[in-house]
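Here is how the chains run, residue by residue.
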Amino acid sequence: QVQLVESGGGLVQAGGSLRLSCAVSGLAFSSYTMGWFRQTPGKEREFVAAIAWSGGSTFYTDSVKGRFTISRDNAKNTVYLQMNSLKPVDTAVYYCNTGPRGSGSGFRPGDYWGQGTQVTVSS
């Protein structure tokens, strides 16, 4: 059974930082591209960042480039999203995803999702 468990969300003031974690079990983690997506009420889930299986390539949506950093630790089956210089528009539920497909700043989600973690940025 594949499980993805996100953590690290919370309430932060604009300009602050948060680090999200996603622990994965039930699949060969080190073989998968991993991604983060986010969703706000009434909107579709949108791509945020992705990282190749080796960690050698990373991809970001334009709005977070230079502020967010995706990384992974294959020994711990965990993917991270370091979020700096947070803005109120970053407020959303953030979801971890296995195997997103795409390139550049546009990825479609893969098969498995975590339960999501709420990030709220106050102005």
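Residues numbered from 1 in each chain as written. Predicted model: local features only at pLDDT ≥ 70, side-chain atom pairs only at ≥ 80, totals over all residues. Heavy atoms only, no water.

Describing the sheet that holds strand β7 (residues 68-73)
Strands sit in the order β1-β3-β8-β7 across an open sheet of four strands; the sheet is antiparallel. In this open sheet, the two edge strands, each paired with only one partner strand, are β1 (3-7) and β7. In this sheet, neighbouring strand axes are inclined to one another by 15° on average, regardless of whether the strands run parallel or antiparallel. Where β1 lies against strand β3 (residues 18-25), five bridges are found, and the strand directions are antiparallel. Its bridge partner lying in β3, Gln-3 is registered against Ser-25. (Pairing = 2+ DSSP bridges. Helix = DSSP H or I, 4+ residues; strand = E, 2+ residues; numbered from the N terminus. Axes fitted to C-alpha atoms, helices over the stretch in contact; angles between N-to-C directions.)

A word on the environment of Ala-28
With respect to the secondary-structure elements, Ala-28 resides in the loop between β3 and β4 (34-39). When its relative accessible area of 43% is taken as the criterion, Ala-28 is described as partly exposed. (Buried < 20%, exposed > 50% of the residue type's maximum accessible area, 1.4 Å probe, protein only.)

Observations concerning the state of the cysteines
This model, assessed by the stated rule, comprises one disulfide. Disulfide partner of Cys-22: Cys-96, at an S-S distance of 2.2 Å. Taking the sign of the S-S torsion, -85° for the link of Cys-22 and Cys-96, the bridge is left-handed. Here the residue Cys-22 occupies a position in strand β3, and Cys-96 occupies one in strand β9 (residues 92-98), the gap between them amounting to 74 residues. Comparing Cys-22 with Cys-96 shows no difference in burial state: the two are buried. (Disulfide = S-S within 2.5 Å.)

Some thoughts on the pairing of strand β8 (residues 78-83)
In terms of burial, β8 is a largely internal element, five of the six residues being buried. Taken together, the six bridges between β3 and β8 define a ladder with antiparallel strand orientation. Looking at β8, one finds that Ala-23 is bridged to Thr-78. Counted along the chain from β7 to the antiparallel partner β8, the turn is four residues long, and its residue Asn-77 has a positive phi close to 55°.

Here's the deal with unusual backbone geometry
Negative phi values dominate among residues other than glycine, just as trans dominates among peptide bonds. For Asn-77, which is not glycine, the phi dihedral falls at a positive 55°. Note that Asn-77 resides in the loop between β7 and β8. On the basis of relative accessible area, Asn-77 is assigned to the partly exposed category, the value being 24%.

Read these as layout, nothing more, since geometry by itself doesn't imply function.
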